[in-house]
Amino acid sequence: MSNRPIALYDSGVGGLSVLQAVSRRLPNEALLYVGDNARVPYGGRPTEQIIDFNREIIDFCVAQGAKIIVAACNTSSALALPQLRSQSPVPHYGTVNVGARQAEPFKRVAILATEATVRSHAYRDALVAGNRWTEVMELACPTFVPMVEQGEVEGDHAYDVVSAAVAPLLAFAPEAVILGCTHYPHLRPLIQLALGPRVQLIDPAMQVADDVANFLETCGLLSTQADPSRRFFTSGSPQQFRGLAEQFLGESVGLVWPTTLEVLPLATTA
Ligand code: DGL
């Protein structure tokens, strides 16, 4: 048994979709969330910078007493986890292998993700390793994250942006589409509308929550707290984070703590 928190992190508010799944699956667990909103988006950044940011956040989560860390960020999972996982002092979970596993039964799979995730081909490689007959198309949607970070997830303008971004998928006619960035589930209804009702959308969040639950159970690390704490940290504006978190989670999140993760300028992709 352990009452230490599960830590989840993302470049911004996207990972709240994973936090929600973990909180529903594991209601007795204390949760800690770090949004690196001062440096969002990660998707246009070079790999080394993404790894550095992840290292800082992992150190922060460990210092906060996390018993397990979840990269609720596909870009971090794709580019930083392969290098950092073995150095992490606590177990470290990601989203990419989970999402790829869920898509294995399908023959034609599209992956919507950030530019960095697409550049890594992490999803494609994981998918093909599981089912070498799968046809894969990867598509970067760099317009989605800034829109979600502004809380714009519905309305005509948001739909126009989404349908223009996913239009290249229509000729490929995928059976399933992986929402390979944790910001994208916030746009799920618009993506579904643009692609049509027959396309199966895959959000790895629930399966990530199941995997974390199974791991904690197997290791005897589940918490039994009746009223576990939930703490939110952001490197950006706590007020703005709170507004978005309450919009996406549909409940009050209380105090949001500022955290001073080093702020670096946005660099161009190497
Ligand atoms: N939500 C993140 C992901 O899953 C990062 C998006 C970004 O910052 O570009 O990839």
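Summary of the structure given here. (Residues numbered from 1 in each chain as written. Predicted model: local features only at pLDDT ≥ 70, side-chain atom pairs only at ≥ 80, totals over all residues. Heavy atoms only, no water.)

1. Notes on the site of the ligand
Every one of the 14 residues lining the ligand counts as a neighbour, but Ser 11, Tyr 42, Asn 74, Thr 75 and His 183 are closest to it. Within the contact set of the ligand, an oxygen atom lies 2.6 Å away from a side-chain nitrogen or oxygen of Ser 11. Here an oxygen atom of the ligand and a backbone polar atom of Asn 74 are 2.7 Å apart. About the coverage of the ligand: the protein hides 99% of its 300 Å² of free accessible area. Class assignment for the residues of the shell around the ligand results in six nonpolar, seven polar and one charged. (Near = heavy atom within 4 Å. Polar contact = N/O pair within 3.5 Å; in protein donor to acceptor, adjacent residues only side chain to side chain. Areas by Shrake-Rupley, 256 points an atom, 1.4 Å probe, with all protein chains shown as cover. Nonpolar A, V, L, I, M, F, W, Y, C, P; charged D, E, K, R; others polar.)

2. Looking at helix 2 (residues 47–63)
When the terminal C-alpha atoms of helix 2 are compared, their 24 Å separation across 17 residues agrees well with the 24 Å that a helix rising 1.5 Å per residue should span. Gly 65, located one to two residues past helix 2, shows a positive phi value of around 90°. (Helix = DSSP H or I, 4+ residues; strand = E, 2+ residues; numbered from the N terminus. Expected span 1.5 Å × (residues − 1).)

3. Describing the sheet that holds strand 1 (residues 6–10)
The strand order across the open sheet formed by six strands is 4-3-1-2-9-10, and the pairing between neighbours is parallel. With one partner strand each, in any of the chains shown, strand 4 (92–93) and strand 10 (256–258) form the two edges of the open sheet. In this structure, strand 1 lies alongside strand 3 (residues 68–71), joined through four bridges in parallel fashion. The partner of Ala 7 across the bridge, within strand 3, is Ile 69. The sheet contacts of helix 1 (residues 16–25) involve strand 1, strand 2 (31–35), strand 3 and strand 9 (230–234), and relative to strand 2 the element is tilted by about 175°. Packed onto the sheet, helix 11 (residues 205–218) meets strand 1, strand 3 and strand 4 and runs at close to 165° relative to strand 3. (Pairing = 2+ DSSP bridges. Contact = heavy atoms within 4.5 Å. Axes fitted to C-alpha atoms, helices over the stretch in contact; angles between N-to-C directions.)

4. Regarding the packing of aromatic side chains
For the structure on display, the rule yields seven aromatic pairs. Seen in terms of ring centroids, Phe 60 and Phe 233 are 5.0 Å apart; in terms of plane orientation they differ by 80°. Their pairing is edge-to-face. Taken as a pair, Phe 60 in helix 2 and Phe 233 in strand 9 lie far apart in primary sequence, 173 residues in all. Overall, Phe 233 belongs to the buried group, its relative accessible area being 7%. Both rings, one in Phe 144 and one in Tyr 184, keep their centres 5.0 Å apart while their planes meet at 75°; by these two values the pair is edge-to-face. Of this pair, Phe 144 sits in helix 8 (residues 144–149) while Tyr 184 sits in the loop between strand 7 (176–179) and helix 10 (188–195); the two residues are 40 residues apart in sequence, bridging distant segments of the chain. The pair formed by Phe 144 and Tyr 184 is uniform in burial state, with each residue classed as buried. What links up through ring pairs into an aromatic cluster is the set Tyr 33, Phe 232 and Phe 241. One Lys or Arg, Arg 39, reaches over the ring of Phe 53 and ends 3.8 Å from the middle of that ring. (Phe/Tyr/Trp six-rings, centres within 6.5 Å; stacked < 30°, edge-to-face > 60°. Buried < 20%, exposed > 50% of the residue type's maximum accessible area, 1.4 Å probe, protein only. Lys NZ or Arg CZ within 6 Å of the ring centre and 35° of its normal.)

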